[in-house]
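Below, each chain spelled out in residue letters.
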Amino acid sequence: MTGAGDATVAAVVVLAALAALAAAGTGRARGTEEERGNRTAGRREVTYDGRALILDGARRMLFSGDMHYPRSTPEMWPDLIAKAKKGGLDVIQTYVFWNAHEPVQGQYNFEGRYDLVKFIREIHAQGLYVSLRLGPFVESEWKYGGLPFWLRGIPNITFRCDNEAFKIENEYKLVEAAFHSKGPPYVRWAAAMAVNLQTGVPWMMCKQDDAPDPIINTCNGLICGETFLGPNSPNKPALWTENWTSRYPVYGQDRRSRSAADLAFAVALFILRKKGSFVNYYMYHGGTNFGRFASSYVTTSYYDGAPLDEYGLIWQPTWAHLRELHAAVKQSAEPLLWGAYSNHSFGQQQEGHVFATESECVAFLVNFDKHKISTIQFGEEVFQLAPKSISILSQCRELIFQTGKINAQHGLRTAQVVQSINHVDRWKFFKEPIPTVPSKMSHVGNQLHEHLSTTKDETDYLWYLSAHNYKRNGNGQLVLNVEAYAHILHAFINDDYVGSVHGSHDKPGNIVLKAPISLREGRNSISLLCVMVGSPVGLSGETNKIYTSEGSSHAEWSTIDKSMHLPLIWYKTTFDTPWGNDPVTLNLSSMGKGEVWINGESIGRYWVSFKTPSGQPSQSLYHIPRYFLKTGENLLVLMEEIGGDPRQITVNTMSVTRIYSSVSETSTPSLLSREKHPAIHLRCQKGKHITDIEFASYGNSHEDCIESGKNCHGSCHAEMSEFVVKNACLGRRKCVVPVRAPKFGGDPCPGIEKSLSVVAICG
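All figures in this text were calculated on a predicted structure; none of them were measured in a lab.

A.B. asks: Give me the lowdown on unusual backbone geometry, citing residues and values where you can.
C.D. replies: That bond from Asp213 to Pro214 is cis: its omega, 0°, falls within 30 degrees of zero. Here Pro214 shows up in the loop between β8 (203–206) and β9 (216–221). With an omega of 0°, the peptide bond running from Tyr282 to Met283 counts as cis. Along the polypeptide, Met283 turns up in strand β11 (residues 276–285).

A.B. asks: Could you give me a rundown of the state of the cysteines, with the residues and numbers involved?
C.D. replies: By definition, a disulfide links the sulfur atoms of two cysteine residues through a covalent bond. In this structure the tally under the stated criterion is five disulfides. Residue pairing for Cys361: its cysteine sulfur links by disulfide to Cys396, the two sulfurs lying 1.7 Å apart. A torsion of -65° about the S-S bond marks the disulfide between Cys361 and Cys396 as left-handed. Placement of the pair is Cys361 in strand β14 (residues 361–367) and Cys396 in the loop between β17 (389–394) and β18 (398–402), with a sequence separation of 35 residues. Owing to a relative accessible area of 15%, Cys361 belongs among the buried residues under this scheme.

A.B. asks: Describe the side chain of Ser525, with residues and values.
C.D. replies: Within the secondary structure, Ser525 sits in strand β26 (residues 522–531). Ser525 has contacts with Thr436, Ser466, Ala467, Phe492, Ile493, Asn494 and Asp495, leaving out every residue within four places of it along the chain.

A.B. asks: Outline the sheet that holds strand β12 (residues 340–345), supporting the account with residue identities and numerical values.
C.D. replies: Picture the strands of a sheet paired through backbone hydrogen bonds; they go either parallel or antiparallel. In space, the five strands of this open sheet follow the order β12-β13-β14-β17-β18, with antiparallel pairing throughout. Because the sheet does not close on itself, it has two edges, and the strands there are β12 and β18. With strand direction ignored, the average angle separating the axes of adjacent strands in the sheet is 20°. As defined by bridge partners, strand β13 (residues 350–356) adjoins β14 across seven bridges and the pair is classed as antiparallel. When the bridges of β14 are listed, His353 appears paired with Phe364. Helix α8 (residues 318–331) rests against β17 and β18 of the sheet, and its axis sits at about 145° to β18.

A.B. asks: An account of the sheet that holds strand β30 (residues 593–598) is requested, with residue identities and associated values reported.
C.D. replies: Strand order across the open sheet formed by six strands is β27-β20-β28-β33-β30-β31, with antiparallel pairing between neighbours. A single partner strand is all that each edge strand has here, and the edge strands are β27 (558–559) and β31 (601–607). Alignment of strand β20 (residues 428–431) against strand β28 (residues 569–576), held across four bridges, turns out to be antiparallel. Each bridged residue has a counterpart across the sheet, and for Phe429 the counterpart in β28 is Tyr571.

A.B. asks: Give a description of the environment of Gly183 that names residues and reports values.
C.D. replies: Secondary-structure assignment places Gly183 in helix α5 (residues 183–196). Taking the C-alpha atoms as reference points, Gly183 and Asp49, separated by 134 residues in sequence, lie 28 Å from one another. If near-sequence neighbours (up to four positions away) are discounted, Gly183 is found in contact with Tyr172 and Glu176.

Quick notes on the rules
Residues numbered from 1 in each chain as written. Predicted model: local features only at pLDDT ≥ 70, side-chain atom pairs only at ≥ 80, totals over all residues. Heavy atoms only, no water. Helix = DSSP H or I, 4+ residues; strand = E, 2+ residues; numbered from the N terminus. Disulfide = S-S within 2.5 Å. Buried < 20%, exposed > 50% of the residue type's maximum accessible area, 1.4 Å probe, protein only. Contact = heavy atoms within 4.5 Å. Pairing = 2+ DSSP bridges. Axes fitted to C-alpha atoms, helices over the stretch in contact; angles between N-to-C directions.

See the structure below:
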């Protein structure tokens, strides 16, 4: 990244480069004796051909996952990366967030959460590669897409266009047509500029079908096995740079999750149909949008349903199911990367895909029917294909994985209240003064100043002040009518709150407030507080930094009495650091909208009053990284815009307390287990062990009620089930129980397909 001078500004285009920082991964290497010699000599080379990226002379099947270093803390990085590696990843992908690194022109920040070098070194230390999406424009539901606000002040700048002032890019195909004849030349310039940097590694352009040689065009999306047109040259590999593990949540919308089976199906389909050899999960760990870095209406929690959740806990069964898929694919890396390809049709919705060398073979049998099991004959064997599922056959004979059949354990995450801050005397409040006359910092004029140009990204808030001389004329109802392009508008007449209005993520544009008001004879002050959420000095408390220990000590705090449920109130209290290592959250479901700080660190915006169609907040739990906490008391400060009751806020710890699984005796044994038979695999999170077996049955349990822990016994049940499972699992962090009749004293019901179903409690 290059800072702006008096004239032209240069920047690195947003492309993805696979940096070979360390040798890693599995799969069989092939190459000449000379190439193998280079590898043993420690040479690091990254190239590509029409099948794959080539690392040190060997084609590689690579699985990658996005983790963004500013969305977690350095203390979390080692554990996150270790869990990703154990989940079968070879690569960690991240953007580079320019506005976090150069918030003020010429002033750089690469410390703490922004220590990119430390993040990359940790990935290197754990034996993984890095896919670096350099920026400056990153989108990523990040404020301004990662661009520093000060760029707006550069003369003659036009973003996302071929102009001399500045050139930047990411996923340009989405907007290229809008620039007409200027679009394609810009793409060619971006490619030439990147190649001329001579980084020594290939470059990728996401979603750019016309990426010029030698740039690799890649796919972003949910189902690239169906939507990707493929590489634009036979000499380029098929790479999937964003496989969306869920959809990022926004305020006012219900969360949209994606099942482990659907994710695995999409990955396998991309590999078999497109000969894909690189799949990146976006996100693998989403993390937290701390401070004001979330873009418009985006929640503070980011991609919480990824394989590693917001707090870094393993999200089951997604993590484990994908881990099994990665193992199955890598076991057949040689035929996938070197073998001849053929396909077969077994019906309108069933097909087969085969990759074979002289010595190895892998087959993918696909059933697109979402509702019916399909029975097909392949070779000398008959296979039953689950609805919307892909079966992987090692050596084209042995079934080793089915995308639609989940054998991994499930987990239920629990927020446990550890502190209730409900005593009135523990809370103090400071009422944000409502300005009624211009101050010396105000801009005075006959027209309204544009919000962002005025705030310059120093705050979400901007006051607009006016006055009206009122002379009573009749008894008609007076109405305040205000149109704004802010995300939220709060209105006050003579210091009294009269109403609010807000927009939504799906309906950008103007918002209109129509509120009945009463005016007094003579002069009346009108104060309008415009608020942006995810864009960009507004509040007195911000200016004086009363959310810090020092700033708080200078504010005039009062004991709360009737100050609840009022707008524009600052609240503060203290709480003790919870014992243990479980992630910590605040439950803010009793509040309205605002921002929250812990020991001076902003953990993000909250907006629990903006309900979803189901009537629930889009987010009510807010992550407090343990690194933000002190030994003993911690300062908690909230800026509440709308009104809420802080006495109902609780401090919680997050953990997976209930785990459950159901595995059939006909299931495929795990490739990652020593067991040669189907088995239940149970594992509590680190620091916990199995304290109780809530339910266990070897038979034909009712699987649809297992999650609730109810009595799910079917018509067939082995009486020894609970004894066997408790003996194997109680007191242990993890356990394995084979699904075999002799283990449970014999077959309780011959002729019936049986499963072992277990619900366990971790504590």
